[in-house]
Amino acid sequence: NQGKGAALRTGFAKVTAPLVIVQDADLEYDPEEYGILVSPILAGKADVVFGSRFAGSGAHRVLYFWHSVGNKFLTMLSNMATDLNLTDMETGYKVFKREVIQSIKIEENRFGFEPEITAKVADMNLRIYEVPISYYGRTYAEGKKIGWKDGFSALRCIFKYNFLR
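Note that this is a predicted model, so its numbers are computed, not measured.

(A) Representation of the sheet that holds strand 4 (residues 128-132). Taken in spatial order, the four strands of this open sheet run 1-3-2-4, and their pairing is mixed. The outermost strands of the open sheet, each flanked by one partner alone, are strand 1 (19-23) and strand 4. In this sheet, adjacent strand axes meet at a mean angle of 20° when their direction is disregarded. Relative to strand 3 (residues 93-97), strand 1 runs antiparallel, the two being bridged by five bridges. From the neighbouring strand, I21 faces strand 3, where its bridge partner is V95. Taken strand by strand, helix 5 (residues 113-123) contacts strand 2 (48-52), strand 3 and strand 4, and its axis lies near 35° from that of strand 3.

This is how it looks when you write it as C-alpha cells:
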C-alpha cells in the first residue's frame, strides 16, 4: 500500500519472464492489446514500448479536458529533457525487456514512476517505440485516483531524474 512505484519495484525484482508489461490495475487499458504492445520487441526492433492514448487507433472515452492538457504539458517537458518525441509519457501501459527493467533502480513510490522511468530509459540509449492503444478512462466517481498533486509530483520528477543525477 505504498503506491504504484513501490508495487512495481517489488514486482520487477521477482519477474522471470522475458517481457514485463506494466498495466494500471484500474482497467482503463485493454489487456487484449498486449499483442500490439509487445510486437515491436518480438520483431527485434525495440527494448521498451510505450502505449499511447494520443497516437490514434482504438476507442477512447472522452473525459477531462484539463487532464489532457496537463498530460500533454508534462509529456512536452519530459521530451524536452530527454530528447524523445513521445506523445504520452504518463501512459500506464508499457512493456520492457526483463533485463532492461531489472537494471533500473526505481526510486519513486507513487505515480512519479512514469517520468522517472522515462528519464532512465532515455539515458540508457535504448530502442524505444510507442504504439497506439485504446483508452477507457474513468471518472472520479468511478474510482479515478490521480489528481493535481500528482501533476506537481511529475514536474518534480522530470526535473530530478533529468537534471539532478
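From this point, the discussion proceeds with the structure in view.
(B) A look at the packing of helix 3 (residues 65-82) against helix 6 (residues 148-163). Where helix 3 contacts helix 6, the two axes come as close as 10 Å, and the packing angle between them is 5°. On the basis of the axis angle, helix 3 is roughly parallel to helix 6. Mapping the contact onto sequence places F73, L74, L77, S78, A81 and T82 in helix 3 and G151, A154, L155, I158, N162 and F163 in helix 6. Split into classes, the residues belonging to the contact of helix 3 with helix 6 amount to eight nonpolar, four polar and no charged.

Quick notes on the rules
Residues numbered from 1 in each chain as written. Predicted model: local features only at pLDDT ≥ 70, side-chain atom pairs only at ≥ 80, totals over all residues. Heavy atoms only, no water. Pairing = 2+ DSSP bridges. Helix = DSSP H or I, 4+ residues; strand = E, 2+ residues; numbered from the N terminus. Axes fitted to C-alpha atoms, helices over the stretch in contact; angles between N-to-C directions. Contact = heavy atoms within 4.5 Å. Parallel < 35°, antiparallel > 145°, perpendicular 65-115°, else oblique. Nonpolar A, V, L, I, M, F, W, Y, C, P; charged D, E, K, R; others polar.

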